[in-house]
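Observations on the model geometry
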Amino acid sequence: MSLNASLSIAVQSLLADSGALQATNNNIANANTVGYTRETVVLQESDPSMQGDLSVGQGVVLQGFQSVRSEVLQRQIEVQTQQQSAADAQVSSLSEIEPVFTTSTQDIGTQMSALFTSISSLSTDPTSSSLRQGVISAGQNLVTAFHSASSALTAQQTGLNTQVTQDVSQINQLAQQIAALNPQLAAMKQSGQDGGTLQDKQDQLVLSLSKLTSVSITQTDTGETISTGNGTPLVVGANSYALQTSMGTNGMQDVKDSAGTDITSTLSGGDLGGTIQTRDQAIAGLQSQLDTLASQFGAAFNAAQAQGYTQSGSAGGDFFTLPSGVAGAANSIALASTDPASIAASSDGSAGSDGNLSNLSAVQSTALPSGQTPTDTYAGLVYQVGSLTANATAESTATAASLLQLNDQLSSLSGVSIDEESTNLIRYQQAYEAAARVVSTISSMFDVAMSMGTNAAS
Amino acid sequence: MRVANPVADMQYNIQQSEQSLSTALQQVSTSKRVNQISDDPVASANMVRSLADSACVDSYTSNNNQTLARLQSADSALSSVVTALNQAITLGTQGADSTLSDSDRQGIAEQVQGILSSVVAQANSKYQGNYVFAGSATGTMPFTADASSPTGYVYNGNSTVNLVQVGASTSVASNVAGDTVFTAGADVIGSLTNLVTALQSGSVTDIGTAATAISTALNYVGQQRVSIDSSISELNSQDTYLSQESVTLSSQQTALVGVDLATAATNLSQAETTHSAVLAAAAKVLPVTLLDYLK
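Residues numbered from 1 in each chain as written. Chains lettered and ligands numbered in written order. Predicted model: local features only at pLDDT ≥ 70, side-chain atom pairs only at ≥ 80, totals over all residues. Heavy atoms only, no water.

1. Structural notes on the overall build of chain A
- Within chain A one finds 10 helices and 12 strands.
- Radius of gyration (C-alpha) of chain A: 38 Å, far over the 23 Å computed for a compact globule of 458 residues.
- Across its three principal directions, the C-alpha atoms of chain A cover 150 × 45 × 30 Å.
- Counting every position in chain A, which comprises 458 residues, the buried fraction comes to 46%.
- Here the contacts in chain A between residues at least 6 apart in sequence split such that 69% fall between residues at least 24 apart. (Helix = DSSP H or I, 4+ residues; strand = E, 2+ residues; numbered from the N terminus. Rg over C-alpha atoms; globule rule 2.2 N^0.38 Å. Buried < 20%, exposed > 50% of the residue type's maximum accessible area, 1.4 Å probe, protein only. Contact = heavy atoms within 4.5 Å.)

In structure tokens, the structure reads:
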């Protein structure tokens, strides 16, 4: 074996070790980069050469770099991420509604009780104008409580509408960026190369997309094909398909696919799914129950009022003004009259009679057409608001825990460990030093060989 | 298992222990277990019902006290009427003495007339600006002089009795119709008028008859008082019941959303201990790398 051959082995090993050092260096540099997957150097023995019967090793070849990634874990993390952001979207908007239904001096339950308390007080002295005024004020306060609860729900829906528009535009941006990476990655894959940092970048984009909506991913020759959970394509090869939003007839932003088909109700998961779910189901449900309560309570109270006589002896008129339909009742319920004399306390037309007040009081303990007393109906509403928020919070906490575990697994596989890189650094440095020593040794061997004749001549 | 970076786990643990610390702190500082509906939706819904019940009990209590005061004023008016009628009977017995001179009877007649006026005044008595014995026509003076009436007075009120709710299923009459007390069973005012007329006429027989009629009226008023008194004692016992109910409800509310302070304080110190343990662990683990030992 010639010295030249040995020298070329030493050069190969210098190259291999400096390549390994480069990988280590890059790993250390990206130790805190979100989404970075650690790289390992792929070294391979060179094919041996045969010298007579001897097979002689021909050194090392630097094959390339390989990112240590797990696509399965990555997909699981994406699924958990979309569940968590859906739950978080629900928690954040529902917890803003909670205070409206929390017992305070202004909530509907308290004001309803206050109205019946004022009616009960009036029965001790039906002619007292201050007690009558008390009933009118309590009625006004109840109307205000209905209004503020209803408008809080509407305001929340309006806010969520904006959220839908923002989410859709972010989804479109991300889809564009993912599509742009597809051709490069497909080309690298075809040439047998590892996607490396480009793949990291695409995975991060897909993860961001999962925060917004649930997606399904298929690997194809032209890169990742991505569609929403219901099958609407977002990315196919180098092309991305933009979703659109438009204002629906009900005042809510609808989401449409690139062909213009309404896909609002089929979207699930992610911030967009959670937002739509809260807007169109949770809050819309609460709003319609609130409307039903306002409408039926107002109608029951008016019916009781019609059975009696006002202070001036005329037949009792409506206490509350209600819209013809149930929808919007909580927002448009109003007092029909602010005249204290209009309260139909009397059952016989005389000013001092309180006979009809028992009918008005009975509204509190009589079941509404919906099947429950006003107080129980309201208590049911409070329970729903609470349990919607509590369930979403529990889901968010649970997914956060499982996401942490998945991230631990991923980091265990793909994360950079500074300690590990430090030892690698020493390892490759020592190997490099040793290879360099080989070079200098061979160099001095050359010198010896060159000076063989000279020494003999002198 | 290869552990690449303990930072994420540490951050999660610190966050978790901070969360339980803040929950424990909130429970101690507010003395409440349920600070927002979602902390316990069932308790929050029950709280709505319980508070509505409390509001009812409060209004029953206030009605109870109002009605009690009103009935007591009616009772004291009737008590004065009873005293006056007893005097009238005594005077009637004196007037029936045949040895009396006409001028003596005239004097007695004037005294009875005075008693009559005081009885009418009691029958027209007011409570907080409303006539007590006018039925539901509380703004109308119930008894006014009327020459065309045989008794000299007419009743202007009605027979309506107002009921006030003082319990979920308990109502009491809050007023007394004047005609029931003063004219229906026995005509109190008429019997006094008759006595005055009899005394003025000097007929011993008539005086005797009139005095007997007054005794009948006295008995009748007495009976009416018994029914008012029984209402008053009902209200008194209802008051006791309502204050017990109010205590029950408020302890129910404390049980629903409140927190036992001793438990809360224990939870707080536990959370504190856990939190400092987590922080101490993080402080020990995080700064150590291999590089520390390679110098």
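2. Regarding the packing of aromatic side chains
- Within this structure, the stated rule accounts for 11 aromatic pairs over all chains.
- A ring pair is formed by F143(B) and F182(B), whose centres lie 5.5 Å apart and whose planes are at 85°; its orientation type is edge-to-face. Taken as a pair, F143(B) in strand β3 (residues 143-145) and F182(B) in helix α4 (residues 178-184) lie far apart in primary sequence, 39 residues in all. Accessibility assignment for this pair places F143(B) and F182(B) in one class, buried.
- Among the aromatic residues, those joined into a cluster by ring pairs are F116(A), F297(A), F301(A), F319(A) and F320(A). (Phe/Tyr/Trp six-rings, centres within 6.5 Å; stacked < 30°, edge-to-face > 60°.)

3. Regarding the environment of K211(A)
- Looking at where K211(A) falls in the secondary structure, it is placed in helix α5 (residues 196-212).
- Judged by its relative accessible area of 45%, K211(A) falls in the partly exposed class.

4. Looking at the domain arrangement of chain A
Residues and elements named next belong to chain A.
- In terms of domains, chain A is made up of domain 1 (3-68 + 415-457) and domain 2 (75-405).
- Facing the eight residues of domain 1 at the interface are five residues of domain 2.
- For the pair domain 1 and domain 2, the summed buried area comes to about 480 Å², and 40% of that belongs to carbon and sulfur atoms.
- It is V34, G35 and S67 in domain 1 that bury the most area against domain 2; as a group they hold 51% of the surface buried on that side.
- Where domain 1 packs against domain 2, one counts zero salt bridges.
- Taken together, the connections running from domain 1 to domain 2 amount to three residue pairs in polar contact (both at pLDDT 80 or more).
- Per-element accounting of the side of domain 1 that touches domain 2 gives the leading share, three residues, to strand β4 (residues 60-67).
- Residue composition of the side of domain 1 that touches domain 2, grouped by class: three nonpolar, four polar and one charged. (Domains from an automatic or database assignment. Buried area = accessible area lost by both parts, 1.4 Å probe. Salt bridge = Lys/Arg side-chain N within 4 Å of Asp/Glu carboxyl O. Polar contact = N/O pair within 3.5 Å; in protein donor to acceptor, adjacent residues only side chain to side chain. Nonpolar A, V, L, I, M, F, W, Y, C, P; charged D, E, K, R; others polar.)

5. Let's talk about the pairing of strand β7 (residues 233-236) of chain A
Residues and elements named next belong to chain A.
- Here two bridges tie strand β6 (residues 223-228) to β7, and the two strands are oriented antiparallel to one another. Along β7, the bridge assignment pairs S227 with P233.
- Linkage of β6 to β7, two consecutive antiparallel strands, is achieved through a turn of four residues, within which G231 is found at a positive phi near 100°.
- Sheet topology note: the β7/strand β8 (residues 239-240) ladder contains two bridges and is antiparallel. Bridged to V236 within β8 is N239.
- Where β7 folds back onto β8 in an antiparallel hairpin, the turn is made up of two residues, including G237, whose phi is positive at roughly 55°. (Pairing = 2+ DSSP bridges.)

6. Let's talk about the pattern of salt bridges
Residue and element names in this part refer to chain A.
- One pass over the full model with this rule turns up 13 salt bridges over all chains.
- Between R69 and D200 there is a salt bridge, and its shortest N-O distance comes to 3.0 Å. Of this pair, R69 sits in the loop between β4 and α2 (71-101) while D200 sits in helix α5; the two residues are 131 residues apart in sequence, bridging distant segments of the chain.
- Given the relative accessible area of 27%, R69 is considered partly exposed.

7. Observations concerning the interface of chain A and chain B
- Each partner contributes to the interface: chain A provides 52 residues, whereas chain B provides 40 residues.
- Carbon and sulfur atoms make up 54% of the surface buried where chain A meets chain B, a total of about 3500 Å² over both sides.
- Together, T124(A), L404(A) and S412(A) form the three largest contributors to the area buried by chain A at its contact with chain B, with a combined 15%.
- Linking chain A to chain B there are two salt bridges.
- Of the charged contacts in the structure, one is a salt bridge between R2(B) and E420(A), with a shortest N-O distance of 2.8 Å.
- Taken together, the connections running from chain A to chain B amount to 17 residue pairs in polar contact (both at pLDDT 80 or more).
- Taken together, the elements giving at least two residues each to the side of chain A that touches chain B come down to α2, α3 (108-122), α8 (357-365), α9 (374-414) and α10 (418-457) of chain A.
- The element best represented in the side of chain A that touches chain B is α9(A), accounting for 19 residues.
- The class makeup of the residues in the side of chain A that touches chain B is 16 nonpolar, 27 polar and nine charged.

8. Observations regarding the packing of α5(A) against helix α6 (residues 270-306) of chain A
Residues and elements named next belong to chain A.
- The geometry of α5 relative to α6 is characterised by a closest axis approach of 2 Å and an angle of 5° between their N-to-C directions. By the criterion of interaxial angle, the relationship of α5 to α6 is roughly parallel. Contact residues: α5 offers S210, K211 and L212, while α6 offers G270, D271, L272 and G273.
- Considered class by class, the residues forming the contact of α5 with α6 number two nonpolar, three polar and two charged. (Axes fitted to C-alpha atoms, helices over the stretch in contact; angles between N-to-C directions. Parallel < 35°, antiparallel > 145°, perpendicular 65-115°, else oblique.)

9. Considering the side chain of Q82(A)
Residue and element names in this part refer to chain A.
- Mapped onto the elements, Q82 comes out in helix α2.
- Under the relative-accessibility criterion, Q82 is labelled buried at 13%.
- The residues touching Q82, leaving out its near neighbours within four places in the chain, are S210, T213, S214, G269 and G270.

10. Quick notes on the confidence of the model for chain B
Residue and element names in this part refer to chain B.
- For chain B, per-residue confidence averages 88 on the pLDDT scale, and 100% of positions sit at 70 or higher.
- The lowest-confidence element of chain B is α4, averaging 81 in pLDDT; the highest-confidence one is helix α7 (residues 261-285), averaging 92.
- Across the predicted assembly, pTM comes out at 0.83 and ipTM at 0.81. (pLDDT = per-residue confidence, 0-100.)

11. Focus on the nonpolar core
- L85(B), V112(B), V119(B), F133(B), F182(B) and L192(B) are the most contacted members of the largest nonpolar core, which has 49 residues in total.
- Residue contacts for L85(B): discarding those within four places in its chain leaves V188(B), L192(B), I214(B), A217(B), L218(B) and V221(B). (Core = buried A, V, L, I, M, F, W, Y, C linked by side-chain atoms within 4.5 Å.)

12. A closer look at the pairing of strand β9 (residues 244-247) of chain A
Residues and elements named next belong to chain A.
- With four bridges joining them, β9 and strand β10 (residues 253-256) adopt antiparallel strand pairing. If you follow M247 over to β10, its bridge partner there is Q253.
- Hairpin connection of β9 to β10: five residues between the antiparallel strands, including G251 at a positive phi of 80°.

13. A short note on the environment of T232(A)
Residues and elements named next belong to chain A.
- For T232, the location among the structural elements is in the loop between β6 and β7.
- Sequence-wise, T232 and R69 are 163 residues apart; in three dimensions their C-alpha atoms are separated by 28 Å.
- Apart from residues no more than four positions distant in its own chain, T232 is found in contact with S227, L243, D257 and I263.
- Of note is the side chain of T232, whose polar atom sits 3.3 Å from the side chain of N230.

14. What about the packing of α2(A) against α9(A)?
All names here are of chain A.
- The geometry of α2 relative to α9 is characterised by a closest axis approach of 8 Å and an angle of 150° between their N-to-C directions. It follows from the interaxial angle that α2 and α9 lie roughly antiparallel. For the pair α2 and α9, the crossing hand works out as left-handed.
- Residue composition of the contact of α2 with α9, grouped by class: 17 nonpolar, 15 polar and three charged. (Left-handed = near helix turned anticlockwise from the far one by under 90°.)

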